[in-house]
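Secondary and tertiary structure notes
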Amino acid sequence: QAKAQGKGRFVVFDHSMNVQAMQRLEMESELRTAIEQGQLVLNYQPIVDIPTGRLREVEVLVRWNHPQRGLVPPDDFIPLAEETGLICPIGYWVLYHACAQLREWQVNFRHFRDLGISVNVSGRQLYQTDFVASVRAVLAKFVIDPHRLKLEITESAMLNDLEKMTEVLQELRNMGVRIAIDDFGTGYSSMAYLSRLPVDTLKIDRTFVRPLGEDTRVDGVVRAMITMARTLGLDVTSEGIETNEQLLVLQSLGCDCGQGFLFAKPLPACEITLLLASPRDEPVLAKVTV
Ligand code: C2E
Ligand code: MG
Ligand code: MG
Ligand code: MG
């Protein structure tokens, strides 16, 4: 009986493996055509200057508008895109369309011409030989000051091949492009690595922001991160701010910028356009002025 059970279990397991493999294959082939079929869409999440409450930049976040499945979040297809290499054409599409959008905003809203965009980039893109050249070309095409572009790279991707990464990041920074370490605090980078990486911004992961004000030990960890960032000459953005209390703690710790549902969710371009229609010298995200 035990044998029969074991066999049965094996068959069930095998079957579900097949289903999974089939779904993956199907998704991969669908993802291949997603760009051509115009199924990728971009959302933009405001990043706010904490002391003034002004809109500083927007983070560009991709979604996949799947004909049957509806809006697929990036966590459900970026890993597959990374494995298959599809992240390179997808990443280029994102950069190109985000820059086109920024150009349109700059032309239409002169008082917001220093607005920046922050674009997520996978490690795999950075290892492409023509990556730096393609960034330069897109910026030139849309007449965008390289300072207005920030590239976000996760801490773990950065530490993968430190030497190569440092070289590519340095080239990008020489051009004027800014670099952020995304999801900071989750990738175990040491002070030694950090001081060697050519970066401008630390983005504190939202797992550290969530307990702020409730767990004083976490407040201390975030304070230490901000102090360390200052020592290295970096500025700090905190992600995942959802409550006023979290914002107040971050404000008291001297965090530069914040992002999260308290200010705004990731929004379609037309809603950012509405925000930009308000005067530059008024805080556009009123909740910040507590
Ligand atoms: P990320 O770069 O860390 O982006 C922040 C994520 O946190 C976004 O999820 C955003 O919607 C979410 N978020 C923002 N504020 C809050 C908040 O207050 N509370 C909570 N609970 N969540 C908040 P999203 O859009 O689902 O993106 C997930 C991840 O997918 C991103 O994490 C990024 O790593 C990746 N991703 C998105 N777009 C791209 C892309 O164009 N290229 C690449 N390579 N990765 C991308
Ligand atoms: Mg990011
Ligand atoms: Mg992040
Ligand atoms: Mg994150």
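Residues numbered from 1 in each chain as written. Chains lettered and ligands numbered in written order. Predicted model: local features only at pLDDT ≥ 70, side-chain atom pairs only at ≥ 80, totals over all residues. Heavy atoms only, no water.

Going by what an unreviewed UniProt entry lists, the protein is known as Diguanylate cyclase/phosphodiesterase and is assigned to Fimbriimonas ginsengisoli Gsoil 348.

Side note on the site of ligand 1
If you check the shell around ligand 1, you find 22 residues, and the closest are R63, D182, R206, E242 and F261. Within the contact set of ligand 1, an oxygen atom lies 2.9 Å away from a side-chain nitrogen or oxygen of N120. Burial of ligand 1 by the protein chains amounts to 86% of its free accessible area of 800 Å². With respect to the detected pockets, ligand 1 is housed in the largest pocket. Within the residue set of the shell around ligand 1, elements represented by two or more residues are β2 (55–66), α3 (87–108) and β6 (178–184). Residue composition of the shell around ligand 1, grouped by class: eight nonpolar, five polar and nine charged. (Near = heavy atom within 4 Å. Polar contact = N/O pair within 3.5 Å; in protein donor to acceptor, adjacent residues only side chain to side chain. Areas by Shrake-Rupley, 256 points an atom, 1.4 Å probe, with all protein chains shown as cover. 1 Å grid on protein atoms, 1.4 Å probe; cavity = no way out; pocket = protein on both sides within 12 Å on 5 of 7 lines; lining within 4 Å. Sits in = over half its atoms within 2 Å of the grid points. Helix = DSSP H or I, 4+ residues; strand = E, 2+ residues; numbered from the N terminus. Nonpolar A, V, L, I, M, F, W, Y, C, P; charged D, E, K, R; others polar.)

With respect to the environment of Q37
Within the secondary structure layout, Q37 lies in the loop between α1 (2–34) and β1 (40–49). Separated by 88 residues in sequence, Q37 and Q125 place their C-alpha atoms 22 Å apart.

A word on the coordination of the magnesium ion (ligand 4)
Around the magnesium ion (ligand 4), the protein supplies D183 (OD) and E239 (OE) as donor atoms, at distances of 2.2 to 2.3 Å. Separating the magnesium ion (ligand 4) from the magnesium ion (ligand 3) is a gap of 3.0 Å, which D183 spans by donating to each of them. Here D183 is found in strand β6, whereas its partner E239 is found in the loop between β8 (235–238) and α11 (244–252), with 56 residues between them in sequence. With a relative accessible area of 24%, D183 lands in the partly exposed category. (Donors = N, O, S within 2.8 Å, 3.2 Å for Na, K, Ca; no water. Buried < 20%, exposed > 50% of the residue type's maximum accessible area, 1.4 Å probe, protein only.)

Description of the coordination of the magnesium ion (ligand 3)
Coordination of the magnesium ion (ligand 3) by the protein is provided by D182 (OD), D183 (OD) and E239 (OE), with metal-donor distances spanning 2.0 to 2.6 Å. Counting along the primary sequence, the residues that act as donors to the magnesium ion (ligand 3) give the motif D-D-x55-E. A spacing of 3.6 Å is found between the magnesium ion (ligand 3) and the magnesium ion (ligand 2), which share D182 as a donor. Of the residues examined, D182 reaches a relative accessible area of 6% and is grouped as buried.

Comments concerning the side chain of Q106
Note on placement: Q106 falls in helix α3. Once you skip the residues sitting within four places of it in the chain, Q106 turns out to touch R113, L115, I144 and R148. (Contact = heavy atoms within 4.5 Å.)

What about the pattern of salt bridges?
In total, this model carries 11 salt bridges according to the counting rule given. A salt bridge links D49 to R56, with the nearest nitrogen and oxygen atoms 2.6 Å apart. The partner of D256 in a salt bridge is R230, and the shortest N-O contact between them spans 3.2 Å. One end of the pair, D256, is in the loop between α11 and β9 (257–258); the other, R230, is in helix α10 (residues 216–231), with 26 residues separating them in the sequence. Classification of R230 as partly exposed rests on a relative accessible area of 38%. Look at the salt bridges and you will find they share partners, linking E59, E152 and K203 into a network. (Salt bridge = Lys/Arg side-chain N within 4 Å of Asp/Glu carboxyl O.)

A short note on helix α12 (residues 269–276)
Looking only at α12, the buried set comprises A269, I272, L275 and L276. Buried residues along α12 cover an arc of 110 degrees about the axis, so they all sit on one side. For α12, the exposed residues set more than 90 degrees away from the buried face come down to C270 and L274. In this fold, the buried residues of α12 make contact with β1, β2, α3 and β10 (267–268). (Arc of directions from axis to C-beta.)

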